[in-house]
Amino acid sequence: MTALEALEVVLRSVAVLAAFLVLPLLVGQTEHKVMAHMQGRLGPMYAGGFHGWAQLVADGVKFVQKEDITPAAADKGVFRFAPAVALIPYLVAMAVIPLSPDVVAADAPASAVLVLAVTAVGILGTLMAGWASANKYSLLGAMRAAAQLLSYELPLVLSVASVCLAAGSLSLSGIAAAWSPWWLLWQLPGAVVFLVAAVAELQRPPFDMPVADSEIVFGAYTEYTGLRFAFFLLSEYAGIVVMSLLFAVLYLGGWQGPFSDQLGWVWTMLKGFVIAVVVIWLRVSWPRLREDQLQRLAWLVLVPLALAQLALTGVWVVASA
Amino acid sequence: MTEPTTPSTTPSTTPEPTKRSSGGAIPGILKGLATTARTLAKPSHTAEYPDVSPHLPPRSRGVIALLEENCTSCMLCARECPDWCIYIDSHKETIPATTPGGRDRQRNVLDRFAIDFSLCMYCGICIEVCPFDALHWSPEFEYSELDIRDLLHEKDRLGQWMPTVPPPPALDEHSAEPAEIAATNKPARPVRTPAARPTRVTPQPEAEA
């Protein structure tokens, strides 16, 4: 490896890290403002001067200042390591999501598989946190998270498999390149399944039973304070970014749009942002499902729907081949 | 389960697990989305308080103002105060007779009048009972303190609120005249002659026994 190549690797990593630190804040600020206005409020207005744009920066400063507490009964090593396990997978996932054919940090050959694999690792952080906290609410939250993730991983994988089948590629770049507007209708059931499963995977309302504050305090994150707690929050918003960009690339054609040669990455970001707003919108509008309703929805609705989509895609691909 | 549903009448094709007779789950969740989207489109009504001063209704109870000249140290307010948050100290002064051979007069002089707003529950009873209109409601409310002991307002501080006391609200249309005006407008009493007075009948003490 020459020095130039090494420099390129470093630059790409720094770019991914910057995106990883900035985009979740962008989504978080959007959530602050959109949620506020959907509830007839204004949201943050003071931090930073203009409409509270620096609210999350101020929050970050606050989290840094807070005491980092590890409970006496906790499994200390696991407890301290859990936020990293929750956070890093989304960083890895962000590295392989293409914003355009050129703007991609690491163009892995089977990036769709890689993204699904690493996002599934993220849940391990929640499990570790819940188990190591030595707190019954944390444990309940972790169990709920595990049950939820097991249920929703399947429809997620099946819906992505359908898109891969339709595109004939396991690479996200290949899928977005093979996309055509006709997919909006053809892959619609899969897209719905993917979106629902992604929201459930992120433990966002209406699927936030693992952190249901009215029932189990804050689930697996109950015992966390300061920066480690902030990392869990960051991983949630990084998860929204990853899932939204993934949705944009898989189902909305990523960079396809007018002037895609120059502005391709803008299109991907724009589509991903719209999906992120939809995820926020769902949170504001809907109440939390019950634990059994969640499982029913996964196994009786989403899995059959995803299987039907897979069958439909398979039949169409074979018929048109 | 509000009412029994039979498969023949209720189409069970909704993919959501919850089946209600009130329109089904899908219209319900779409309605939720529509409601939040509509609220998003409308401007919010928030008035940001420190920047925008609130519109206070008439007769707002902000702080109690003291008109010291009117106070006679009669202690009625301090006695009626439900949580005893009014402190009054006074002494008597003798005013020498103005005319030779006249009698010296005594009057109360107010030394201390303090209201502890950390105890006050803003019931307004002190203002109601004051016979000389020495206490008034002022709508000013921005007198919070970092130390709770600073909420004890002495009489000079209470007197400073006086300029902020609004004039009494106008009477409603067709309402009765104020007592003072009614008294002056009343025709003078007819002079009664002693003969016209009915003879008083005193009850006999033996009748009760």
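A. Spotlight on the overall build of chain A. Helix and strand content of chain A: 12 helices and 0 strands. Ordered by position from the N terminus, the helices and strands of chain A form the series α-α-α-α-α-α-α-α-α-α-α-α. In terms of overall dimensions, chain A has a C-alpha envelope of 60 × 50 × 50 Å along the principal axes. Classification of the 321 residues of chain A by burial places 51% in the buried group. Of the contacts made within chain A by residues no fewer than 6 positions apart, 77% connect residues no fewer than 24 positions apart.

B. Local environment of the overall build of chain B. Check the secondary structure of chain B and you find 6 helices and 5 strands. Listing every helix and strand of chain B by position from the N terminus yields α-β-α-β-β-α-β-β-α-α-α. In chain B, which comprises 209 residues, the share counted as buried stands at 21%. Accessible surface computed for chain B: about 16400 Å², of which carbon and sulfur atoms make up 56%.

C. The arrangement of the interface of chain B and chain A in detail. Between chain B and chain A, the contact holds 16 residues from the first and 18 residues from the second. Both faces considered, chain B and chain A share a buried interface measuring about 1500 Å² in area, 65% of it formed by carbon and sulfur atoms. Remark: the boundary between chain B and chain A carries 0 salt bridges. Here chain B is connected to chain A by 5 residue pairs in polar contact (both at pLDDT 80 or more). Partitioned by chemical class, the residues of the side of chain B that touches chain A number 7 nonpolar, 6 polar and 3 charged.

D. Just the nonpolar core, in detail. Ranked by size, the top nonpolar core spans 69 residues in total, and within it Y152, L172, I175, F194 and L250 of chain A carry the most contacts. Considering every element that reaches this core, the biggest residue donor is helix 10 (residues 226-251) of chain A, with 13 residues. The contacts of Y152 of chain A, once residues within four sequence positions are left out, are V196, A197, A200, E201, F207, L294, L297, A298 and L302 of chain A. Counting 28 residues, the second largest nonpolar core, distinct from the first, contains L110, L135, Y143 and V165 of chain B.

E. Focus on the sheet that holds strand 3 (residues 105-116) of chain B. Residues and elements named next belong to chain B. Taken together, 3 strands build an open sheet; the order of strands is 2-3-5 and the sheet is antiparallel. Every interior strand has two partners, whereas the edge strands, strand 2 (86-95) and strand 5 (152-153), have only one. Sheet analysis places strand 2 next to strand 3, joined by 10 bridges and oriented antiparallel. Following the sheet pairing, E93 is matched in strand 3 by R107.

F. Region of interest: the packing of aromatic side chains. Residues and elements named next belong to chain A. Within this structure, the stated rule accounts for 19 aromatic pairs over all chains. Summarising the aromatic geometry, the rings of W182 and W186 are spaced 6.0 Å apart at their centres and angled 10° between planes, so their arrangement reads as stacked. Taking the relative accessible area as the measure of exposure, W186 reaches 7% and is therefore buried. Over the aromatic face of F63 sits the side chain of K62, whose NZ or CZ is 4.9 Å from the ring centroid. Above the plane of the ring of W179 lies K271, whose end atom (NZ or CZ) is 5.7 Å from the centre.

G. View of the pattern of salt bridges. Residue and element names in this part refer to chain A. Counted according to the given criterion, the structure contains 14 salt bridges over all chains. Linking D208 and R288 is a salt bridge whose minimum nitrogen-to-oxygen distance equals 3.4 Å. Here D208 is found in the loop between helix 8 (188-201) and helix 9 (213-216), whereas its partner R288 is found in the loop between helix 11 (260-285) and helix 12 (291-320), with 80 residues between them in sequence. Of the residues examined, D208 reaches a relative accessible area of 12% and is grouped as buried. On the accessibility criterion, R288 (26% relative accessible area) is partly exposed. Taken together, the shared-partner salt bridges in this structure form one network comprising R144, D208, E215, R288 and E291.

H. Structural detail: unusual backbone geometry. Note that the residue after P205 of chain A, namely P206 of chain A, is joined by a cis bond; omega there is 5°. Phi angles above zero are rare outside glycine, and H51 of chain A is one such case at about 50°. Within the secondary structure layout, H51 of chain A lies in the loop between helix 1 (3-38) and helix 2 (55-65). We classify H51 of chain A as partly exposed; its relative accessible area is 40%. One non-glycine residue with positive phi stands out, namely H174 of chain B, at about 60°. Within the secondary structure, H174 of chain B sits in the loop between helix 4 (155-160) and helix 5 (179-185). Taking relative accessible area as the criterion, H174 of chain B reaches 79% and is therefore assigned exposed.

I. Representation of helix 5 (residues 136-167) of chain A in the model. Residue and element names in this part refer to chain A. A rise of 1.5 Å per residue sets the reference length of helix 5, with its 32 residues, at 46 Å; its end C-alpha atoms lie 46 Å apart and thus fit the reference within 8%. Along helix 5, the sharpest change in direction is near 25° and occurs at Y152; proline P155 comes one to four residues later. Where helix 5 begins, the side chain of N135 points an oxygen toward the backbone nitrogen of Y137, at a separation of 2.7 Å. Immediately beyond the C-terminal end of helix 5, within one or two residues, lies G168, with a positive phi of roughly 70°.

Reading guide: rules and limits
- Residues numbered from 1 in each chain as written.
- Chains lettered and ligands numbered in written order.
- Predicted model: local features only at pLDDT ≥ 70, side-chain atom pairs only at ≥ 80, totals over all residues.
- Heavy atoms only, no water.
- Helix = DSSP H or I, 4+ residues; strand = E, 2+ residues; numbered from the N terminus.
- Buried < 20%, exposed > 50% of the residue type's maximum accessible area, 1.4 Å probe, protein only.
- Contact = heavy atoms within 4.5 Å.
- Areas by Shrake-Rupley, 256 points an atom, 1.4 Å probe, with all protein chains shown as cover.
- Buried area = accessible area lost by both parts, 1.4 Å probe.
- Salt bridge = Lys/Arg side-chain N within 4 Å of Asp/Glu carboxyl O.
- Polar contact = N/O pair within 3.5 Å; in protein donor to acceptor, adjacent residues only side chain to side chain.
- Nonpolar A, V, L, I, M, F, W, Y, C, P; charged D, E, K, R; others polar.
- Core = buried A, V, L, I, M, F, W, Y, C linked by side-chain atoms within 4.5 Å.
- Pairing = 2+ DSSP bridges.
- Phe/Tyr/Trp six-rings, centres within 6.5 Å; stacked < 30°, edge-to-face > 60°.
- Lys NZ or Arg CZ within 6 Å of the ring centre and 35° of its normal.
- Expected span 1.5 Å × (residues − 1).
- Bend = angle between axes of the 7 residues up to and from the residue.

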